[in-house]
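Topology and contacts: notes
Each chain, written out:
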Amino acid sequence: MKLTTKIFIGLILGAIVGLGLHLAAPDLFSTLDAYVFGPLGTVFLNLIKMLVVPIVFFSITLGTASLGDPKKLGRIGGKTIAFFLVTTTIAISIAISLAYLFQPGSVDINPAGAEYEAQEAPGVVETFTNIIPTNPIQAMTEGNMLQIIAFAIFIGFALAMLGKKTEGIYKLVEQGNEIMMFLVNLIMRFAPYGAFGLLASAIGTMGIDGMKGMAMYMFVVILGLVIHAIVTYGSAVAFLGKMNPIKFAKGFFPAMTVGFSTSSSSSTLPISMKTAQENLNVPKPVSSFVQPLGATINMDGTAIMQGVATIFIAQVYGSDLSFAQLVMVVLTAVLASIGTAGVPGVGLIMLAMVLNQVSLPVEGIALIIGIDRLLDMLRTSLNITGDAACAVVVAESERKYGIDEDAKRMEA
Ligand code: ASP
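Residues numbered from 1 in each chain as written. Predicted model: local features only at pLDDT ≥ 70, side-chain atom pairs only at ≥ 80, totals over all residues. Heavy atoms only, no water.

Below, the discussion takes up the overall build of the protein. A count of helical and extended segments in the protein gives 18 helices and 0 strands. If you line up the protein on its principal axes, its C-alpha atoms span 70 × 50 × 45 Å. Relative to its full complement of 412 residues, the protein shows a buried share of 54%. In the form shown here, the protein has an accessible surface area of approximately 17500 Å², with 67% of it arising from carbon and sulfur atoms. Positive and negative side-chain charges in the protein, numbering 23 and 26 respectively, have mean positions lying 15 Å apart. (Helix = DSSP H or I, 4+ residues; strand = E, 2+ residues; numbered from the N terminus. Buried < 20%, exposed > 50% of the residue type's maximum accessible area, 1.4 Å probe, protein only. Areas by Shrake-Rupley, 256 points an atom, 1.4 Å probe, with all protein chains shown as cover. Lys, Arg positive; Asp, Glu negative; His and termini not counted. Charge placed at Lys NZ, Arg CZ, Asp CG, Glu CD.)

Laid out in structure tokens, this is it:
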């Protein structure tokens, strides 16, 4: 049986077992969750998380070094960021339009009891200045992705410039990368069990009660995710990436299931990179540059949730947003999704920033927090799919500049 099929079965069984126990034997669920589901999921999560920092460091260093030419790096970087910004803006626009069309917040919801303690969201300027790490080792111990990426680009650039002089270190990075990819393959064999544990635990805890009354909100978010995946990514992959979107979806599906079960773009990164390289034929230098960056700053699924949630909360509290405010929502949601770390649930915290910007009550978040777990899974799948779509598009556009030869050089 193929690994993807196994993971899929793990997910479905997990959902069935979790829901069944939640309904029929909640006490048994707590025990099983504490000793079986929880630990299974955590072991899997830890196994892949263990690889994230070294993979990001090795692969970006190697990717940058093998591109060699700073012009190439600038070109790929420019295209990547442009793709991220454009698709995220489209994502929020879809979300806002759907929220106006379906009016999820016009149902009878009483916001009176809603309480939510807003958490501090980092400022925009700091997010940018902090990209340069003052202490790269600390960045690695803290798992600060943007900082690790910045440091790795510098080292890769130096390796490219120094050439023969630093051959030894280049080899070291290359072999480090080999080791990481080998371990990803190994860990993936455990994925079906991990997915089972994560799903059983999540669904068993959540149940379906919390979802009542929120059905319309969920529907609109999910519709937004689906439309964005099919229309935006489908056409980007087909027209810019010259790849059949069905082939793209099928090839990337294993990574989507892992994104779904972990709710974390960062944790899924090792697997999304491997999947894009092997199944979508994305050359390593592109994959190792675009995907770690995307897993950190490109979150279209999160942007969609934030767009729908903002309009939803405005509707529940009966406040009309002006056109200028809507533009503000688009702008801040782009920034908020960039600032969202690729870990579970952060998108909801960053929503506070959007709500503040248009003077909506942050307590509104309490209304949607109960069902966010499930939506988090779905939007994370979309988040990483956007990174892969970008990688396919950038790879195609770089073929005429000999990206495949760079990849070969990287292999050799
Ligand atoms: N969990 C999402 C991710 O890792 C981020 C979020 O929206 O909370 O991609």
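In this structure, Gln-306 sits in helix α13 (residues 300-316). Dropping the residues within four chain positions of it, Gln-306 is found in contact with Ala-333, Ala-336, Ser-337, Thr-340, Gly-347, Met-350 and Leu-351. (Contact = heavy atoms within 4.5 Å.)

This part takes up the site of the ligand. In the vicinity of the ligand lie 17 residues, with Ser-265, Thr-302, Gly-347, Asp-376 and Arg-379 positioned nearest. Gly-345 is positioned such that a nitrogen or oxygen atom in its backbone is 3.4 Å from an oxygen atom of the ligand. Gly-347 is positioned with one of its backbone polar atoms (N or O) 2.7 Å from an oxygen atom of the ligand. Relative to its free-state accessible area of 270 Å², the ligand is covered by the protein chains to the extent of 100%. Counting only elements with at least two residues in the shell around the ligand, the list comes to α15 (346-357) and α17 (372-398). Among the elements that take part in the shell around the ligand, α17 stands out by supplying 4 residues, more than any other. Looking at side-chain class alone, the shell around the ligand contains 5 nonpolar, 10 polar and 2 charged residues. (Near = heavy atom within 4 Å. Polar contact = N/O pair within 3.5 Å; in protein donor to acceptor, adjacent residues only side chain to side chain. Nonpolar A, V, L, I, M, F, W, Y, C, P; charged D, E, K, R; others polar.)

Further remarks concern the packing of aromatic side chains. Applying the stated criterion across every chain yields a total of 10 aromatic pairs. Each ring, one from Phe-248 and one from Phe-252, has its centre 6.2 Å from the other, and the planes form 10°; the classification is stacked. Of this pair, Phe-248 and Phe-252 both sit in helix α10 (residues 245-262), 4 residues apart, roughly one helical turn. Its relative accessible area of 0% is what places Phe-252 among the buried residues. Within the aromatic cluster, the residues linked to one another by ring pairs are Phe-29, Phe-37 and Phe-196. Here the guanidinium or amino end of Arg-75 rests over the ring plane of Tyr-401, the centre of that ring lying 3.5 Å away. (Phe/Tyr/Trp six-rings, centres within 6.5 Å; stacked < 30°, edge-to-face > 60°. Lys NZ or Arg CZ within 6 Å of the ring centre and 35° of its normal.)

The next subject is the UniProt feature "transmembrane region" (unreviewed entry) in the protein. Following the UniProt record, the feature "transmembrane region" (unreviewed entry) maps to residues 48-68, 80-102, 145-162, 182-203, 215-240, 326-352 and 358-375 here. A distance of 16 Å separates the end C-alpha atoms of residues 326-352, which is 78% helix and 0% strand. Between the C-alpha atoms that bound residues 358-375 there is a distance of 23 Å. The span itself is 50% helix and 0% strand. (UniProt positions renumbered as here; feature names shortened; annotations may be inferred.)

Here helix α12 (residues 284-297) contains 14 residues, and its C-alpha end-to-end distance of 20 Å stays within 8% of the 20 Å for a straight helix at 1.5 Å per residue. For α12, the tally of buried residues reaches 14 of 14 residues, placing the bulk of the element in the interior. (Expected span 1.5 Å × (residues − 1).)

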